Amino acid sequence: MSPMITSILILSLATGTIITMASFHWLLAWMGLELNTLAILPIISESHHPRATEASTKYFLTQAAASSLILFSSVMNAQATGQWGILQLEDPLAQTLLTVALAMKLGLAPAHFWLPEVLQGSSFKTGLIIITWQKLAPMTLLLLTWNQASMLTLMMMGSLSVAVGGLGGLNQTQLRKVIAFSSIAHLGWMATIVTKSNKLALLNLTMYILISTPMMLSLIFSSTKTTQDLTTTWTTSPMLAPLTMMTLLSLGGLPPLSGFMPKWLTLEELLTQNMAPLATVLAVSTLLSLFFYLRLSYSLSVTLSPSPTKISSKWRLKPNTSTLPLSIALPPSILALPLTPLMKP
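Residues numbered from 1 in each chain as written. Predicted model: local features only at pLDDT ≥ 70, side-chain atom pairs only at ≥ 80, totals over all residues. Heavy atoms only, no water.

Looking at an unreviewed UniProt entry, the protein carries the name NADH-ubiquinone oxidoreductase chain 2, with the source organism given as Anguis graeca. Recorded under Catalytic activity (unreviewed entry), the UniProt text for the protein is reproduced unchanged: "a ubiquinone + NADH + 5 H(+)(in) = a ubiquinol + NAD(+) + 4 H(+)(out)". According to its UniProt record, the protein has this under Sequence similarities (unreviewed entry): "Belongs to the complex I subunit 2 family." (UniProt positions renumbered as here; feature names shortened; annotations may be inferred.)

## Notes on the overall build of the protein
Of regular secondary structure, the protein possesses 17 helices and zero strands. Relative to the compact-globule value of 20 Å for 345 residues, the protein shows a C-alpha radius of gyration of 20 Å, a close match. Taking the principal axes of the C-alpha coordinates as reference, the protein spans close to 70 × 50 × 35 Å. The 345 residues of the protein split such that 55% are buried. In the protein, 77% of the contacts between residues at least 6 apart in sequence involve partners at least 24 apart. (Helix = DSSP H or I, 4+ residues; strand = E, 2+ residues; numbered from the N terminus. Rg over C-alpha atoms; globule rule 2.2 N^0.38 Å. Buried < 20%, exposed > 50% of the residue type's maximum accessible area, 1.4 Å probe, protein only. Contact = heavy atoms within 4.5 Å.)

## Re the pattern of salt bridges
The tally for this structure, following the rule as stated, stands at three salt bridges. The salt bridge involving E117 is made with K58; its shortest N-O contact spans 3.7 Å. In this pair, E117 is assigned in helix α5 (residues 114-121) and K58 in helix α3 (residues 50-81), connecting sequence segments 59 residues apart. Judged by relative accessible area, which is 28%, K58 ranks as partly exposed. We note a salt bridge from K177 to E117, for which the minimum N-O separation is 3.6 Å. With K177 in helix α9 (residues 175-194) and E117 in helix α5, this pair connects stretches of sequence that are 60 residues apart. A single salt-bridge network, built from bridges that share partners, covers E54, K58, E117 and K177. (Salt bridge = Lys/Arg side-chain N within 4 Å of Asp/Glu carboxyl O.)

## Things to note about helix α4 (residues 92-106)
Taking 1.5 Å of rise per residue, the 15 residues of α4 would be expected to cover 21 Å, and the 21 Å separating its terminal C-alpha atoms lies within 8% of that figure. For α4, the tally of buried residues reaches eleven of 15 residues, placing the bulk of the element in the interior. Those residues of α4 not exposed but buried are A94, Q95, L97, L98, T99, A101, L102, A103, M104, K105 and L106. The inward-facing, buried residues of α4 contact α2 (26-44), α3, α5, α7 (133-144), α8 (151-168) and α9. G107 occupies a position one or two residues after α4 and carries a positive phi of about 100°. (Expected span 1.5 Å × (residues − 1).)

## A short note on the UniProt feature "domain: NADH:quinone oxidoreductase/Mrp antiporter transmembrane" (unreviewed entry) in the protein
Sites flagged by UniProt as "domain: NADH:quinone oxidoreductase/Mrp antiporter transmembrane" (unreviewed entry) map to residues 25-288. End C-alpha atoms of residues 25-288 are separated by 40 Å, and the span's content is 77% helix alongside 0% strand.

## Looking at the packing of aromatic side chains
In this description, a pair of aromatic rings is defined by centroid distance and the angle of the planes. Under the definition given, this model contains three aromatic pairs. Considering the side-chain rings of F260 and W264, the 5.5 Å spacing of their centres and the 20° angle between planes classify their relative orientation as stacked. With F260 and W264 both in helix α14 (residues 260-272), this residue pair falls four residues apart, about one helical turn. What makes F260 partly exposed here is its relative accessible area of 24%. Ring plane angle 50° and centroid distance 4.9 Å describe the contact between F292 and Y293, whose orientation is recorded as tilted. In this structure, F292 and Y293 share a single accessibility class: buried. (Phe/Tyr/Trp six-rings, centres within 6.5 Å; stacked < 30°, edge-to-face > 60°.)

## Details of the packing of helix α6 (residues 124-131) against α7
Closest axis-to-axis distance for the α6/α7 pair is 3 Å, and the angle between their directions is 15°. Considered as vectors, α6 and α7 are oriented roughly parallel to each other. For the pair α6 and α7, contact is made by L128, I129, I130 and I131 and by W133, Q134 and K135, respectively. Looking at the contact of α6 with α7 residue by residue, the class counts come to five nonpolar, one polar and one charged. (Axes fitted to C-alpha atoms, helices over the stretch in contact; angles between N-to-C directions. Parallel < 35°, antiparallel > 145°, perpendicular 65-115°, else oblique. Nonpolar A, V, L, I, M, F, W, Y, C, P; charged D, E, K, R; others polar.)

## A look at the packing of α3 against α5
Closest axis-to-axis distance for the α3/α5 pair is 8 Å, and the angle between their directions is 145°. Between α3 and α5 lies a crossing of left-handed hand. Judged by residue contacts, R51, A52, A55, K58, Y59, T62 and Q63 of α3 engage W114, E117, V118, Q120 and G121 from α5. Within the contact of α3 with α5, the residues separate by chemical class into five nonpolar, four polar and three charged. (Left-handed = near helix turned anticlockwise from the far one by under 90°.)

## Concerning the environment of I44
Structurally, the position occupied by I44 is in helix α2. The exposure class of I44 is buried, given its relative accessible area of 3%. Through-space distance from the C-alpha of I44 to that of K58 is 11 Å; in sequence the pair is 14 residues apart. Excluding residues within four positions of it along the chain, I44 makes contact with A52, A55, S56, Y59, V118, S122, T126 and I130.

## A word on the side chain of T266
Within the secondary structure, T266 is located in helix α14. Residue T266 is classed as buried on the basis of its relative accessible area, which comes to 0%. Here N204 takes part through its side chain, which lies 3.1 Å from a polar atom of the side chain of T266. Apart from residues no more than four positions distant in its own chain, T266 is found in contact with W189, I193, L200 and N204. (Polar contact = N/O pair within 3.5 Å; in protein donor to acceptor, adjacent residues only side chain to side chain.)

See the structure below:
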């Protein structure tokens, strides 16, 4: 793809998200989501591989269905109340429909089946856009309508997503599918807490993006696609292997790493609001996710010094990717826990 076309698509992607984030009218929000979807499709199918074409088709069908539901719920609300504003969603059926549509856009269970398949058919760079930037627009709508969305639906979908994300990632060897199920689990945390504290939901989203970005960048840098490939990361970059391992453990939410902060504050908030059973379900379900993060970390650490692999080194050509974004993104993904007192709502 030529640089000019790529820049136009990236600009359209950014514009669509910004339109949705800045709008207070349902039609404008819907238009931003559509622009966003249409801009990412050529990026997904760029490689012209049948799997990439399949991924872009699945992405289009899912997102188009979700956008139609959003438009349908806004029309229903306008018919019932005469209001088109995002903050005036008062019809109960429209509220439930909107919650389901946004869950489908984000990839919450049980509408999560598209996400692992789309990520598996995309490149890592495209996958990075899908699991970070593409979540911003629907998450903004969820944060805007958090006190109007269907609370029971969101909490059920959220807790189910955490469990499905943990169970789904257990038997995966392809890293893109592992990352997809990890994304589903993290979105479950956001959806569960958004009805109780939108500030904590925003913190969850921010930390998830801050940790996922360096992890994806490190996998791109070391050309790692499967669990088996992780065992030779040390020979590509001896320093990157332990840092990637700590990033994975941070995603799992182990203290004293950054990923522990949002989980700690979320569980604390749920216990404060007398929701101990839900907090227990989330904590236990997260152990499933932690298991596959530990398994990936083990694959990475097997060949770390002082027990390196028998291969002295892989072919070390000049890397195609810049290390500057990775160098900037890694420290906050590991070392942000001391900022916890500043983040309390």
